[in-house]
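# Residue-level structure breakdown
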Amino acid sequence: MLDFLGDLRRTHMCGALRASDAGKKAVLMGWVNRRRDHGNLLFIDLRDRTGIAQIVFNAERDAAIHEKAGGLRNEYVIAVTGTVKLRDPNTINRNMPTGEVELVAEELRILNESKLPPFLPSDTALTNEETRLKYRYIDLRRDVMQFNIETRHKVAKAIRDYLSDQGFFEIETPFMTRSTPEGARDYLVPSRVQPGTFYALPQSPQMFKQILMISGFDKYFQIVRCFRDEDLRADRQPEFTQIDLEMSYPQPERVWEVVEGFLTAAFRAAGSEIKTPFPRMDYDEAIRLYGIDKPDLRLPAFTDVRECFTPENLQELAINPNLPLIAIRTPKVSELSRKERDDIKPMFHSKGGAKIFEDFKRIANKFPEAAAAIAKKASMEEGDLIVLVAGSAQAGPQTAMPAHRKVTPQELAIYASAGLLRLALAQKYADRHGIFKKTGDPAKDFRFIWVTNFPMFEWDEGEKIWNAAHHPFTSPHEEDMKLLEAGVESLNDPQSPLSSVRALAYDVVLNGTELGSGSIRIHRQDIQSKIFRALGMTEEEARARFGFFLEALEYGTPPHGGIALGLDRIVMIIAGAESLREVIPFPKTARAVDLMVDAPTPVSDSQLKDLGIVVKK
Ligand code: ASP
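Residues numbered from 1 in each chain as written. Predicted model: local features only at pLDDT ≥ 70, side-chain atom pairs only at ≥ 80, totals over all residues. Heavy atoms only, no water.

### Observations concerning the environment of Thr408
Here Thr408 is to be found in the loop between β15 (385–391) and α12 (409–429). Sequence separation of Thr408 and Arg569 is 161 residues, and the distance between their C-alpha atoms is 33 Å. (Helix = DSSP H or I, 4+ residues; strand = E, 2+ residues; numbered from the N terminus.)

### Some points on the side chain of His477
Note that His477 resides in the loop between β18 (465–468) and α13 (481–487). Owing to a relative accessible area of 13%, His477 belongs among the buried residues under this scheme. (Buried < 20%, exposed > 50% of the residue type's maximum accessible area, 1.4 Å probe, protein only.)

### Remarks on unusual backbone geometry
For the peptide bond that leads from Thr276 to Pro277, omega is -10°, which places it in the cis range. Structurally, Pro277 can be placed in the loop between α6 (252–269) and β11 (280–282). For the bond from Ala599 to Pro600, the omega torsion is 0°, close enough to zero to count as cis. For Pro600, the position within the fold is in the loop between α16 (567–575) and α17 (605–611). The phi dihedral of Tyr249 is positive, around 60°, even though this residue is not glycine. Within the secondary structure layout, Tyr249 lies in the loop between β10 (239–248) and α6.

### Thoughts on the site of the ligand
The environment of the ligand is made up of 14 residues, and the closest members are Glu182, Gln206, Lys209, His471 and Arg521. Within the side chain of Lys209, a nitrogen or oxygen atom sits 2.7 Å from an oxygen atom of the ligand. His470 is positioned with one of its side-chain polar atoms (N or O) 3.2 Å from an oxygen atom of the ligand. Among the secondary structure elements, those contributing two or more residues to the shell around the ligand are α5 (206–214), β20 (513–520) and β21 (560–566). Element by element, the count of residues in the shell around the ligand is highest for β21, at 3 residues. In the shell around the ligand, the residues fall into 2 nonpolar, 8 polar and 4 charged. (Near = heavy atom within 4 Å. Polar contact = N/O pair within 3.5 Å; in protein donor to acceptor, adjacent residues only side chain to side chain. Nonpolar A, V, L, I, M, F, W, Y, C, P; charged D, E, K, R; others polar.)

### Topic: the sheet that holds strand β12 (residues 303–304)
Ordered in space as β12-β13-β15-β14, the 4 strands form an open sheet in which the pairing is antiparallel. At either end of the open sheet lies a strand with only one pairing partner, and these are β12 and β14 (354–357). The pairing of β14 with β15 spans 4 bridges and is antiparallel. Directly across from Phe357, in β15, lies its bridge partner Leu388. Strands β13 (326–330), β14 and β15 of the sheet are contacted by α12, whose axis makes an angle of about 15° with β13. (Pairing = 2+ DSSP bridges. Contact = heavy atoms within 4.5 Å. Axes fitted to C-alpha atoms, helices over the stretch in contact; angles between N-to-C directions.)

### Notes on the packing of helix α7 (residues 283–290) against α12
At a closest axis distance of 8 Å, the pairing of α7 and α12 adopts a crossing angle of 60°. Taken as axis vectors, α7 and α12 run oblique relative to one another. On α12, the residues that touch Tyr283, Ile287, Arg288 and Tyr290 of α7 are Leu412, Tyr415, Gly419 and Arg422. Taken together, the residues of the contact of α7 with α12 sort by class into 5 nonpolar, 1 polar and 2 charged. (Parallel < 35°, antiparallel > 145°, perpendicular 65-115°, else oblique.)

### Focus: the nonpolar core
Counting 45 residues, the largest nonpolar core has Ile326, Ile328, Val389, Phe457 and Ile531 as its most contacted members. Mapped onto this core, the elements with two or more residues apiece are α7, β13, β14, β15, α12, β16 (448–452), β19 (505–510) and α14 (525–534). Those residues in contact with Ile328 that lie beyond four places of it in its chain are Phe302, Leu385, Ile386, Val387, Val389, Ala418, Leu421, Arg422 and Leu425. Formed by 42 residues, the second largest nonpolar core is a distinct cluster that contains Ala156, Ile243, Ile274 and Val508. (Core = buried A, V, L, I, M, F, W, Y, C linked by side-chain atoms within 4.5 Å.)

### Observations regarding the packing of aromatic side chains
Counted by the stated rule, this structure contains 17 aromatic pairs. Relative to Phe367, the ring of Phe309 has its centre 6.1 Å away and its plane inclined at 85°; by these criteria the two rings are edge-to-face. Residue Phe309 is found in the loop between β12 and α8 (311–316), and its partner Phe367 is found in the loop between α10 (360–366) and α11 (368–377); the two are separated by 58 residues along the sequence. Classification of Phe367 as buried rests on a relative accessible area of 8%. Counting every residue linked through ring pairs, the aromatic cluster contains Trp256, Phe267, Phe278, Phe446, Phe448, Trp450 and Tyr506. Against the face of Tyr135 rests Lys134, its NZ or CZ located 5.4 Å from the ring centre. (Phe/Tyr/Trp six-rings, centres within 6.5 Å; stacked < 30°, edge-to-face > 60°. Lys NZ or Arg CZ within 6 Å of the ring centre and 35° of its normal.)

### Section: the pairing of strand β4 (residues 77–86)
In the case of a regular strand, side chains alternate between the two sheet surfaces. Both strand β1 (residues 25–38) and β4 contribute to a ladder of 7 bridges, which runs antiparallel. Within the sheet, the bridge partner assigned to Ala26 lies in β4 and is Gly82. In this structure, β4 lies alongside strand β5 (residues 101–112), joined through 10 bridges in antiparallel fashion. Each bridged residue has a counterpart across the sheet, and for Thr81 the counterpart in β5 is Glu107.

### With respect to the confidence of the model for the protein chain
The predicted model of the protein chain averages 91 in pLDDT, with 94% of residues at 70 or higher. For the stretch residues 438–443, pLDDT sits under 50, and the model shows 12 contacts to residues farther than four places along the chain or on other chains. (pLDDT = per-residue confidence, 0-100.)

### Here we look at the environment of Pro472
Turning to its location among the elements, Pro472 is positioned in the loop between β18 and α13. Taking the relative accessible area as the measure of exposure, Pro472 reaches 7% and is therefore buried. Taking the C-alpha atoms as reference points, Pro472 and Glu307, 165 residues apart in sequence, are found 41 Å from one another. Pro472 has contacts with Pro181, Ile522, Gln528, Ile531, Phe532 and Leu535, leaving out every residue within four places of it along the chain.

### What to know about helix α4 (residues 143–165)
Counted at 1.5 Å a residue, the expected span for α4 with its 23 residues is 33 Å, and the 32 Å between its end C-alpha atoms agrees. Taken as a whole, α4 has its buried residues at Met145, Asn148, Thr151, Arg152, Val155, Ala156, Ala158, Ile159 and Leu163. On its buried face, α4 sits against α2 (129–134), α3 (136–139), β9 (219–227), β10, α6 and α16. Immediately beyond the C-terminal end of α4, within one or two residues, lies Gly167, with a positive phi of roughly 90°. (Expected span 1.5 Å × (residues − 1).)

Given below as structure tokens:
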């Protein structure tokens, strides 16, 4: 027989009881987390969002209530009225905030029963993720998940508060809209009233937020769901949350200040202090020093050690003297065993003519002077591992590049191989000393960096066209307008001056993970048309896709810029979680399936008919 709640009101949360409450009456409500039967004494651990309280049912005090409590099972929902009492000194539990007290039950209402769940919130060994996702409501009762979701709330609130204080308005933008150019596929929603037409779910509110600047709102933000239909990727979600913002008249530095401000507030809300301003680095320099545009600063940068060898040495080693010769230093790896050396061999297979020397000792035996110079230049210490990456002599001499190029494609190939290797080595070997972790660094070693001045265009070798590296509304660097003008004259050429146009685009990176990216936008119609031309789009094509937006640009658009950061990823890092699914209440699997509600599903024939859609089997 179940009881009704009636007019019973909760007085305390379970996790709130302390020694100072002894003697007070309390009414607690929650789930039966655990039951221990000691004959006349029956103990229940009662759980709610805030923690666990111990309830005692004493048969000698009250036989009826003791008997009723005997029927309780895991995850039953109950309300208990009683008196808070100090525990006997020998039963105090110092590991629990409520461990000094217990509630002596005087009234028990059993509000609901529970079937035996497939796993218990208190289980320490986790069941497989599919079961967790299918029974997400049980999974979310686990204290880690409660902590993660609470952290998510606190982080989002800190960001909202910060941005509101800075004069940003939170403004909603539509979910049923049209395609935005963010580079992924759209999720489409068919229109019933206009058969054959579709809304697109936003990949980002990009055009709306720019239009809000044209509309005079000056500073906008939104913590907003975005949708991207991407191919299966391990840690991606088809719907995810961005902290999206836009402001009028900013230089990039002004946007960075705002981001540094709200990240400080967000990390502080979760108890961590971070250092601002974040260091800044040009894209080209990031490539030269780390071989990647999202450098992990917890590991040493590359050292170019070309000059440590004589020209004869290089010839003997079949190294191209005109390409970078990079020393990758991985700290505190010590000597690798033969097996480990064999294990990493497959990592060394590289593209683009890079030649990799993993056995530094062998080089040292052969060229002791060079090795000593390398060790010095790369600040090698006892136990560090050095791997060299060079251009293969067979790759031939470097092709002559136009003067405007900073990093040539051949150099890029070497830097990129070295960059991948640097991370793979660190993940595989430095980890055994606990000095490097991908996420949730226990040492809270949060190393942020701004990477800026990205290339504006990317060459698509297959299509032989230039694509926008960010999105087509990103402003070219003011100093590079000449290159843009010259570039539109040589569109189908990978050597076009377009290759050197820098964008006023920036990424914020934390420990090798990109947290967000943004840019200063194009606010002038004449420049916007040139960009579309450079992207091989005719005026008509551009009008067909973004006509409303191009028109809006013509009505007094202020200079503006902004950024969007992934909230899920930030919370994941702050909470020390292993995957995005751990910080999203109802996530989808890598196959974009919601296992709890079982979506997506087929729909009825009549729904399809209404929409004028025929599904091909
Ligand atoms: N809309 C961009 C993105 O989602 C961010 C921005 O440029 O503000 O990546």
